[in-house]
Amino acid sequence: MKLDVIAFGAHPDDVEIGCGGTIIKLEALGYTTGVVALTRGEMGTRGSAEIRAREFAAAARVLGVSVHKALDMPDGRVEPNWENKVKVIREIRAHQPRVVFAPYWVARHPDHEAASRIVREASYLSGLKKLDTGQEAHRPFKVLFYQSRFEFSPSFVADISSSHKKKLEAIRCYESQFFSPNKVEHGTGETLISRPDFIERIETRDRQYGTYVGVKFGEPFLAREALRIDDPVGFFGPECLETIP
Ligand SMILES: [Zn+2]
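As the structure is a prediction and not an experimental result, all values here were calculated from the model. (Residues numbered from 1 in each chain as written. Predicted model: local features only at pLDDT ≥ 70, side-chain atom pairs only at ≥ 80, totals over all residues. Heavy atoms only, no water.)

1. Description of the coordination of the zinc ion
In step 1: Only His 11 (ND1), Asp 14 (OD), Asp 14 (OD) and His 112 (NE2) from the protein coordinate the zinc ion, and they sit 2.1 to 2.6 Å from it.
In step 2: Each of the four donor atoms around the zinc ion contributes to a set of angles spanning 54 to 125°, which defines the coordination as irregular.
In step 3: Mapped onto the sequence, the residues coordinating the zinc ion show the spacing H-x2-D-x97-H. Taken as a pair, Asp 14 in helix H1 (residues 14-28) and His 112 in helix H4 (residues 110-125) lie far apart in primary sequence, 98 residues in all. Each member of the pair, Asp 14 as well as His 112, is classed as buried. (Donors = N, O, S within 2.8 Å, 3.2 Å for Na, K, Ca; no water. Tetrahedral: all angles 85-135°; square planar, octahedral: opposite > 155°, others 65-115°. Helix = DSSP H or I, 4+ residues; strand = E, 2+ residues; numbered from the N terminus. Buried < 20%, exposed > 50% of the residue type's maximum accessible area, 1.4 Å probe, protein only.)

Here it is in structure tokens:
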């Protein structure tokens, strides 16, 4: 199935947190989207791979993506080796996306840094005709990086005001990862996401980036290269007059 966008994450839940609002918005604009996690998240402090798989599927339904898939790279040991790059190349060639979303290359979790590199390199390599996977070669037009733990100065901010509520709903599907005093079966280990104020933190960050561009909620993206604009007059419309609601 052809997709306009594939968002890659190291683990189920990375995409929802980093760029879930943009994915929901793109679906509403009529684009076809997919989410691919490189691992099944089996090393998560809370829950299990089976629980994560169910939560991933539930979140995908909320996001409205056409495809959601978890690859079998070992959680906690994602490495930018050839085997893993080929796994991502196969996904890119199978869906031929125009744009690929990847995690920012500076991260706290080593899997996120490795995932960033794997996805970026695979997006390029996928266009090499002589690299044979039995599929048609395809190079996405652009790889865009979304933010996880560490900040960057964004190339642009996507307005997600219309999709922010649904984004939080998608994140809440990862029930086992959240603070729930009555659900000790998921473990009692504290993680960043299990803190009681996690959703508030996400909301604060999305509001912060929204403020940068004069909208209620925003998600930042970074391109490695300068973005080309062929019509630097027509590109800018009245939405650029920052009127923060
Ligand atoms: Zn992650």
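2. Comments concerning the side chain of Ser 123
In step 1: Looking at the element boundaries, Ser 123 is found in helix H4.
In step 2: Among the residues examined, Ser 123 registers a relative accessible area of 2% and is labelled buried.
In step 3: For Ser 123, the contacting residues outside a window of four places in its chain are Ile 92, Val 100, His 138, Arg 139, Pro 140 and Val 143. (Contact = heavy atoms within 4.5 Å.)

3. So, the packing of aromatic side chains
In step 1: Overall, the coordinates contain seven aromatic pairs when judged by the stated rule.
In step 2: Ring geometry for Trp 105 versus Phe 145: centroids 4.8 Å apart, planes at 90°, classification edge-to-face. Separated by 40 residues along the polypeptide, Trp 105 in the loop between strand E4 (99-103) and H4 and Phe 145 in strand E5 (residues 142-146) bring together distant segments of the chain.
In step 3: The exposure class of Phe 145 is buried, given its relative accessible area of 1%.
In step 4: An angle of 15° between the planes, with centres 5.3 Å apart, marks the rings of Phe 156 and Phe 221 as stacked. With Phe 156 in strand E6 (residues 156-159) and Phe 221 in strand E7 (residues 218-222), the pair connects residues that are 65 residues apart, well separated along the chain.
In step 5: Relative accessible area serves as the criterion here: at 29%, Phe 156 is assigned to the partly exposed category.
In step 6: Judged by relative accessible area, which is 0%, Phe 221 ranks as buried. (Phe/Tyr/Trp six-rings, centres within 6.5 Å; stacked < 30°, edge-to-face > 60°.)

4. Some points on the side chain of Asp 75
In step 1: Relative to the elements of secondary structure, Asp 75 occurs in the loop between strand E3 (67-70) and helix H3 (82-95).
In step 2: There is no salt bridge for the buried Asp 75, and the closest opposite charge comes from Arg 52, which lies 5.7 Å off by N-O distance.
In step 3: A polar contact of 2.7 Å, which involves the side chain of Asp 75, links it to the backbone nitrogen of Met 43. (Lys, Arg positive; Asp, Glu negative; His and termini not counted. Salt bridge = Lys/Arg side-chain N within 4 Å of Asp/Glu carboxyl O. Polar contact = N/O pair within 3.5 Å; in protein donor to acceptor, adjacent residues only side chain to side chain.)

5. Focus: the packing of H3 against H4
In step 1: At a minimum axis distance of 8 Å, the contact between H3 and H4 shows a crossing angle of 60°. When the axes of H3 and H4 are compared, the pair comes out oblique. Where H3 crosses over H4, the handedness of that crossing is right-handed. Across the interface between the two elements, Trp 82, Asn 84, Lys 85, Val 88, Ile 89, Ile 92 and Arg 93 from H3 touch Arg 117, Ile 118, Val 119, Glu 121, Ala 122, Ser 123 and Leu 125 from H4.
In step 2: The residue inventory of the contact of H3 with H4, partitioned by class, reads eight nonpolar, two polar and four charged. (Axes fitted to C-alpha atoms, helices over the stretch in contact; angles between N-to-C directions. Parallel < 35°, antiparallel > 145°, perpendicular 65-115°, else oblique. Left-handed = near helix turned anticlockwise from the far one by under 90°. Nonpolar A, V, L, I, M, F, W, Y, C, P; charged D, E, K, R; others polar.)

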